[in-house]
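Given next are the chains, with one letter for each unit.
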Amino acid sequence: QVSLVESGGGLVQAGGSLRLSCAASGPVFNFNAMGWYRQAPGKQRDLVAFIAQHDAVVYAESVEGRFTISRDNAKKTTYLQMNSLKPEDTAVYFCKACGVTCLVESAYDEWGQGTQVIVSS
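Just so it is clear, the structure is predicted and the values come from calculations on it, not from any experiment.

Student: Got a minute to help me understand the packing of aromatic side chains in this structure?
Tutor: The geometry of an aromatic ring pair comes down to the distance between the two centres and the angle between the two planes. Evaluated as defined, the whole model comprises two aromatic pairs. Both rings, one in Phe 94 and one in Trp 111, keep their centres 6.3 Å apart while their planes meet at 85 degrees; by these two values the pair is edge-to-face. Of this pair, Phe 94 sits in strand 9 (residues 91-98) while Trp 111 sits in strand 10 (residues 110-111), and the two are 17 residues apart along the sequence. The exposure class of Trp 111 is partly exposed, given its relative accessible area of 28%. The positively charged end of Arg 45 is found above the aromatic ring belonging to Phe 94, 3.7 Å away from the centroid. Its guanidinium or amino end placed over the ring of Trp 111, Arg 45 lies 4.5 Å from that ring's centre, counting from NZ or CZ.

Student: What should I look at first to understand the pattern of salt bridges in this one?
Tutor: Opposite charge on two side chains makes pairing possible when the charged atoms of those side chains draw close. Counted under the stated rule, the structure contains five salt bridges. Residues Arg 71 and Asp 55 are paired through a salt bridge, measuring 3.2 Å at the closest nitrogen-oxygen approach. Within this pair, whereas Arg 71 is found in strand 7 (residues 67-72), its partner Asp 55 is found in the loop between strand 5 (45-52) and strand 6 (57-59), the two being separated by 16 residues in sequence. On the basis of relative accessible area, Arg 71 is assigned to the partly exposed category, the value being 25%. A salt bridge links Glu 105 to Lys 96, with the shortest nitrogen-to-oxygen separation between them at 4.0 Å. We classify Glu 105 as exposed; its relative accessible area is 59%.

Student: Would you explain the nonpolar core in this entry?
Tutor: The nonpolar side chains of a soluble globular protein tend to be buried, and buried together. Trp 36, Leu 80, Met 82 and Tyr 93 are the most contacted members of the largest nonpolar core, which totals 28 residues. Of all the secondary structure elements, the ones that give two or more residues to this core are strand 3 (18-25), strand 4 (33-39), strand 5, strand 7, strand 8 (77-82), strand 9 and strand 11 (115-120). Setting aside residues no more than four positions away along its own chain, Met 82 makes contact with Gly 16, Ser 17, Leu 18, Leu 20, Arg 66, Phe 67, Tyr 93 and Val 117. Listed in part, the six residues of the second largest apolar core include Phe 50, Ala 52, Cys 98 and Cys 102.

Student: Help me understand the environment of Phe 31 in this model?
Tutor: Looking at the element boundaries, Phe 31 is found in the loop between strand 3 and strand 4. For the pair Phe 31 and Arg 45, spaced 14 residues apart in sequence, the C-alpha separation works out to 20 Å. Apart from the residues within four sequence positions on either side, Phe 31 is in contact with Val 2, Ala 97, Cys 98, Gly 99, Tyr 108 and Glu 110.

Student: Help me understand the sheet that holds strand 8, please; the structure alone is not making it clear to me.
Tutor: Strand-to-strand pairing in sheets goes through backbone hydrogen bonds, with the strands running parallel or antiparallel. Read across the open sheet, the four strands follow the order 1-3-8-7; overall the sheet is antiparallel. Strand pairing shows two members of the sheet lacking a second neighbour, strand 1 (3-7) and strand 7, which therefore form its edges. Averaged over all pairs of adjacent strands, the angle between their axes in this sheet comes to 15 degrees, without regard to strand direction.

Student: Could you clarify how one ought to interpret unusual backbone geometry in this entry?
Tutor: Negative phi is the rule for most residues except glycine; trans is the rule for most peptide bonds. With a phi angle near 50 degrees, Lys 76 is a residue other than glycine that sits in the positive phi range. Within the secondary structure, Lys 76 is located in the loop between strand 7 and strand 8. On the basis of relative accessibility, which here comes to 26%, the residue Lys 76 falls in the partly exposed class. Located in the positive-phi region is Ser 84, a residue other than glycine, with phi close to 50 degrees.

Conventions adopted
- Residues numbered from 1 in each chain as written.
- Predicted model: local features only at pLDDT ≥ 70, side-chain atom pairs only at ≥ 80, totals over all residues.
- Heavy atoms only, no water.
- Phe/Tyr/Trp six-rings, centres within 6.5 Å; stacked < 30°, edge-to-face > 60°.
- Helix = DSSP H or I, 4+ residues; strand = E, 2+ residues; numbered from the N terminus.
- Buried < 20%, exposed > 50% of the residue type's maximum accessible area, 1.4 Å probe, protein only.
- Lys NZ or Arg CZ within 6 Å of the ring centre and 35° of its normal.
- Salt bridge = Lys/Arg side-chain N within 4 Å of Asp/Glu carboxyl O.
- Core = buried A, V, L, I, M, F, W, Y, C linked by side-chain atoms within 4.5 Å.
- Contact = heavy atoms within 4.5 Å.
- Pairing = 2+ DSSP bridges.
- Axes fitted to C-alpha atoms, helices over the stretch in contact; angles between N-to-C directions.

Take a look at the structure:
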């Protein structure tokens, strides 16, 4: 079984940067992709970005050009570099190991516990 632990969240001013990390333990290579999602208060959880096999990446339009997803297979860690942060980026950010694809839910998905990001104006 895979366990995911996010870190790197915090409070930052608008225009600043944060790097989130998602450290995995267990057979993470059984999953097709790793994704980052976020959930703001009172809103649904949305896909931010995911990285699939052969390092193909997909970003939500709202973060394109500002966020970068990457991974270090040796460390079994997935990163989300967030630059030019805006107050609307405030949310709890979750890491997910996607069993099939990060575009749809699957019974094979595994989630982390989330890390809070607050961007002040």
